[in-house]
Amino acid sequence: MEEHFEQETARLTKSWMQYDAETLRDYLVQDVEDPRINVQSILTRHFLIERLFGERFRELMGQELRFGLVVNWLLKLLKESVNAEQLRSVLDALLTGEDYAEGLEIPAYVSATFAGLAVPNYMCDLLIWSPIETTEAPIPGHLLSTFEKIWHEVLAGEQAERISVLEPACGSANDYRFIDSFGISRFLDYTGFDLCEKNVRNAGQMFPDVSFRVGNALEINAEDKAFDYCFVHDLFEHLSIEAMEVAIAQICRVTRRGICAGFFNVHDGPEHVVKPIDDYYWNTLSLAGTKAFFERHASEVQVVHIDTFLLSQFGCPDTHNKGAHTLIVNI
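Residues numbered from 1 in each chain as written. Predicted model: local features only at pLDDT ≥ 70, side-chain atom pairs only at ≥ 80, totals over all residues. Heavy atoms only, no water.

Some details on the overall build of the chain
Short version of the rule: Here a helix means four or more residues in a row that DSSP labels H or I, a strand means two or more in a row labelled E, and each is numbered from the N terminus. Pairs of residues are marked as contacts when any of their non-hydrogen atoms sit within 4.5 Å. Areas reported here follow the Shrake-Rupley algorithm with a probe of radius 1.4 Å; residue values treat only the protein chains shown as occluding. In this tally, Lys and Arg are treated as positive and Asp and Glu as negative; His is ignored, and so are the chain termini. The location of each charge is read from NZ of Lys, CZ of Arg, CG of Asp or CD of Glu.
Along the backbone of the chain there are 14 helices and 13 strands. Summarising the internal contacts of the chain: among those between residues at least 6 apart in sequence, 72% fall at separations of at least 24. Of the accessible surface of the chain, which amounts to about 15,000 Å², a share of 49% is contributed by carbon and sulfur atoms. On the chain, the mean spot of the 27 positive side-chain charges and the mean spot of the 51 negative ones are 4 Å from each other.

Below you can see the structure in the form of structure tokens.
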């Protein structure tokens, strides 16, 4: 590896190693980043399920996405100090087909989701519990895990040919812990790596029989086409543009069939906006430029702008991050 990449790697490693293990374990698995309701994490699980089972579970996938949208809407309400009585008025309005409840507008995609569910349903459960009177007002874990339980039950009796999967920048098994609890992991030969030893140690403690290791996306320790698939979240914006290109080349080199790559800060402009922050980057990436990097190594790149996707598929304009994109790459 070239010296400037070694130096960049050292700085990025330092930026993560400064945190304690407990903080790293809980990072990116709470609130809107909770993989149970985060749209990009849901799409990653769907990417894996589709590679295993084809189109069989398309309807259930749509229902899970609707669940994520409804819960994110509810989280937004709770942050605005909506109380238990107001939540019950929302349920009453949904039951009677009204668009407003005590001054609260009910989005059309929420009403449509409710209308498509049998009663009682998970939306009834979400709206009748009494939130804790705090600024965060967390939703109980058993409600957030609604589709976690459904998928685990649905996949329990399924059989499929195992696929090998790589996850660079895996964190403290941030997404893998839910890939496991949703019942997907038993179909995978999974390998995850991360620059931060504390993350790797956290992941290994949770899953001692799974392959987690310290590794670098700029120099992946694997043979060409060693893995069938790869998924990766929130990595590329934190690299220099030159390093990002190397990481993309490396990921494509070791992947045989397809990649699901999640980005959190992408725009439609022609140029990358480089923004160094302390020991790493927080860049705004050009969609065209990033797509072109992948196209040098791949046969096809499908762009999913999360905001546009949710608006077109579900009529939802409420995404919390307008810069979020997922690229589905066929090698």
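So, the environment of Ser312
The condition is simple: Polar contact criterion, stated in full: a pair of N or O atoms within 3.5 Å, where within protein one must be able to donate a hydrogen and the other to accept it, and residues adjacent in sequence count only if both atoms are side-chain atoms.
Structurally, Ser312 is set in helix 14 (residues 306–314). Taking C-alpha positions, Ser312 is 19 Å from Ile37, a pair spaced 275 residues apart along the chain. Among the polar contacts made by the side chain of Ser312, one reaches the main-chain carbonyl oxygen of Phe309 at a distance of 3.1 Å.

As for a negative patch on the surface
Here is the rule: For patch detection, residues must exceed 30% relative accessible area and be free of salt bridges, and they are connected within 9 Å for like charges or within 5 Å for nonpolar side chains (Val, Leu, Ile, Met, Phe, Trp, Tyr). Every case where a carboxyl oxygen of Asp or Glu lies within 4 Å of a side-chain nitrogen of Lys or Arg is listed as a salt bridge.
Together, Asp92, Glu98, Asp99 and Glu105 make up a negatively charged patch on the protein surface. Mapped onto the fold, Asp99 is located in the loop between helix 5 (84–96) and strand 1 (100–101).

Focus on helix 11 (residues 197–206)
How we decide: Categorising residues by exposure relies on relative accessible area from a 1.4 Å probe, with only protein chains included: less than 20% of the type maximum marks a residue as buried, more than 50% marks it as exposed, and the intermediate range marks it as partly exposed.
Along helix 11, the residues that are buried comprise Lys198, Asn199, Val200, Asn202 and Ala203. The inward-facing, buried residues of helix 11 abut helix 1 (3–17), helix 2 (21–26), strand 4 (188–194) and strand 5 (211–214).

Side note on unusual backbone geometry
The bulk of non-glycine residues show a negative phi, and the bulk of peptide bonds are trans. Residues other than glycine seldom take positive phi values, yet Glu102 does so here, at roughly 50 degrees. Note on placement: Glu102 falls in the loop between strand 1 and strand 2 (104–105). The exposure class assigned to Glu102 is partly exposed, which follows from its relative accessible area of 48%. At Asp234, a residue that is not glycine, the phi angle is positive and equals roughly 55 degrees. Note on placement: Asp234 falls in the loop between strand 6 (227–233) and helix 12 (241–254).

Topic: the nonpolar core
A general tendency of soluble globular proteins is for nonpolar side chains to be buried together. Which entries qualify depends on this criterion: What is meant by a nonpolar core is a set of buried Ala, Val, Leu, Ile, Met, Phe, Trp, Tyr and Cys residues, joined one to another through side-chain atoms within 4.5 Å.
Core analysis: the biggest nonpolar cluster contains 74 residues, and Leu126, Ile139, Trp151, Ile184, Leu188 and Phe212 have the highest contact counts within it. The dominant element in this core, judged by the number of residues it contributes, is helix 4 (residues 58–79), at 12 residues. Excluding its chain neighbours within four sequence positions, the residues that come into contact with Trp151 are His46, Ile49, Phe57, Leu60, Met61, Glu64 and Phe182. Residues Met244, Ile259, Phe263 and Phe294 belong to the second largest nonpolar core, which totals 36 residues.

A closer look at the pattern of salt bridges
Scanning all chains against the criterion turns up 16 salt bridges. Two residues, Arg296 and Glu245, come together in a salt bridge whose shortest N-O distance is 2.1 Å. With Arg296 in the loop between helix 13 (287–295) and strand 12 (300–305) and Glu245 in helix 12, this residue pair connects regions lying 51 residues apart in the sequence. The shortest N-O distance in the salt bridge between Lys291 and Glu295 comes to 2.5 Å. Note that Lys291 and Glu295 are positioned in helix 13 at a spacing of 4 residues, about one turn of the helix. By relative accessible area, which is 38% here, Glu295 ends up partly exposed.

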